[in-house]
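Close look at the chain arrangement
Residues per chain are reported as follows:
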Amino acid sequence: MNAILTGPLALASRRLHCWRYMSAVALHNNNLMPSRRQQNQNNNHNLQISRHMAGHNKWSKIKRKKAANDVARARDHTKAARAIEVASRSCQGDMADISLQSAVAAARAVQLPKERIEKAIER
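Summary of the structure given here.

Turning our eyes to something else, we now look at the pattern of salt bridges. One pass over the structure, following the stated rule, counts four salt bridges. A salt bridge links Asp 70 to Lys 66, with the shortest nitrogen-to-oxygen separation between them at 3.5 Å. Of the two residues, Asp 70 and Lys 66 are both situated in helix α3 (residues 58-91); the distance of four residues between them amounts to about one turn of the helix. Since its relative accessible area comes to 29%, Asp 70 is described here as partly exposed.

Now the structure itself:
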């Protein structure tokens, strides 16, 4: 299809192409013909519904990994908070006690929030 046309046939082809282009531009400028974006928005509405139904999107994978990480993080936080509570009860909340200091250090290692550390010591 990349053959170069010569002679009167080429001139007619160029005029026909130019006429089609000019008429399309005129229709588009007069808002009689929808733009490509409008056409794609109309077509994508049906695609989004079917794509959503499949469940193979990227968020599904992220959601499952995030859920597993959240469960592991919650388990570590709970263990660290309980260790602080036990150490705090044994020394009546004295921060000079080595067992409480090591429990707090372990809690900070698993990134337990400061508020939870303080509440665990108070318990």
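The next point concerns the side chain of His 77. Following the sequence through the fold, His 77 ends up in helix α3. Not counting chain neighbours up to four residues away, the residues in contact with His 77 comprise Val 110, Gln 111, Leu 112, Pro 113 and Arg 116.

Residues of helix α5 (residues 114-122) that are buried include every one of Ile 117, Ala 120 and Ile 121, and no others. End-on, the buried residues of α5 take up no more than an arc of 100 degrees, which puts them together on one face. Along α5, the residues that are exposed and aim more than 90 degrees away from the buried face are Glu 115 and Glu 122. In this structure, the buried residues of α5 make contact with α3 and α4 (98-109).

It is worth spelling out the packing of α3 against α5 at this point. Between α3 and α5, whose axes approach to 7 Å, the crossing angle comes to 35 degrees. The two elements α3 and α5 meet at a crossing, and its hand is right-handed. Counted together, His 77, Thr 78, Ala 81, Ile 84, Glu 85 and Ser 88 of α3 and Arg 116, Ile 117, Ala 120 and Ile 121 of α5 form the full contact between these two elements. Residues belonging to the contact of α3 with α5 are distributed by class as follows: five nonpolar, three polar and two charged.

What follows covers the side chain of Ser 88. Its place among the elements puts Ser 88 in helix α3. Its relative accessible area of 4% is what places Ser 88 among the buried residues. Other than its neighbours up to four places away in sequence, Ser 88 contacts Gly 93, Leu 100, Ala 120 and Ile 121.

Okay, the nonpolar core next. Core analysis: the largest hydrophobic core is formed by 13 residues, its most contacted members being Ile 84, Leu 100, Val 104, Ala 107, Leu 112, Ile 117 and Ile 121. The residues contacting Ile 121, other than those within four sequence positions of it, are Ile 84, Ser 88, Met 95, Leu 100 and Val 104.

This part is about the packing of α3 against α4. Relative placement of two packed helices is described by the angle separating their axes and the distance separating the axes. One way to put it is that α3 packs onto α4 with a least axis distance of 9 Å and a crossing angle of 165 degrees. By the criterion of interaxial angle, the relationship of α3 to α4 is roughly antiparallel. By crossing handedness, the relation of α3 to α4 is classed as left-handed. Of α4, the residues touching α3 (which contributes Ala 80, Ala 83, Ile 84, Ala 87, Ser 88, Ser 90 and Cys 91) are Ser 99, Leu 100, Ala 103, Val 104 and Ala 107. Grouping the amino acids of the contact of α3 with α4 by side-chain chemistry returns nine nonpolar, three polar and no charged.

Calculation criteria
- Once a new chain begins, its residue numbering starts again from 1 and follows that chain's sequence as written.
- Given that this is a predicted model, residues contribute local features only at a pLDDT of at least 70 and side-chain atom pairs are listed and counted only at 80 or more, while totals for whole chains, interfaces and linings are drawn from all residues.
- Only hydrogens and water are set aside when side-chain values are computed; all heavy atoms of the structure are taken into account.
- Salt bridge criterion: a side-chain nitrogen from Lys or Arg within 4 Å of a carboxyl oxygen from Asp or Glu.
- Strands are runs of DSSP state E lasting at least 2 residues, helices are runs of H or I lasting at least 4, and numbering of each runs from the N terminus.
- Each residue is placed in one exposure class: buried if its accessible area under a 1.4 Å probe, protein chains only, is under 20% of its type's maximum, exposed if it is over 50%, and partly exposed if it falls in between.
- Throughout, a contact is declared for two residues whenever any of their heavy atoms are within 4.5 Å.
- To be clear, the arc concerns the directions from the helix axis to the C-beta atoms.
- Every angle, taken between N-to-C directions, lies between 0 and 180 degrees, and every axis is a line fitted to C-alpha atoms, over only the stretch in contact when it is a helix.
- Helix crossings fall into two classes, left-handed where the near helix is turned counterclockwise from the far one by less than a right angle and right-handed where it is turned clockwise.
- For this classification, Asp, Glu, Lys and Arg are treated as charged, while Ala, Val, Leu, Ile, Met, Phe, Trp, Tyr, Cys and Pro are nonpolar and the rest, including Gly, are polar.
- Put simply, a nonpolar core is a bunch of buried Ala, Val, Leu, Ile, Met, Phe, Trp, Tyr and Cys residues held in one set by side-chain atoms that sit within 4.5 Å of each other.
- Roughly parallel covers angles under 35 degrees, roughly antiparallel covers those over 145, roughly perpendicular covers 65 to 115, and oblique covers all other angles.

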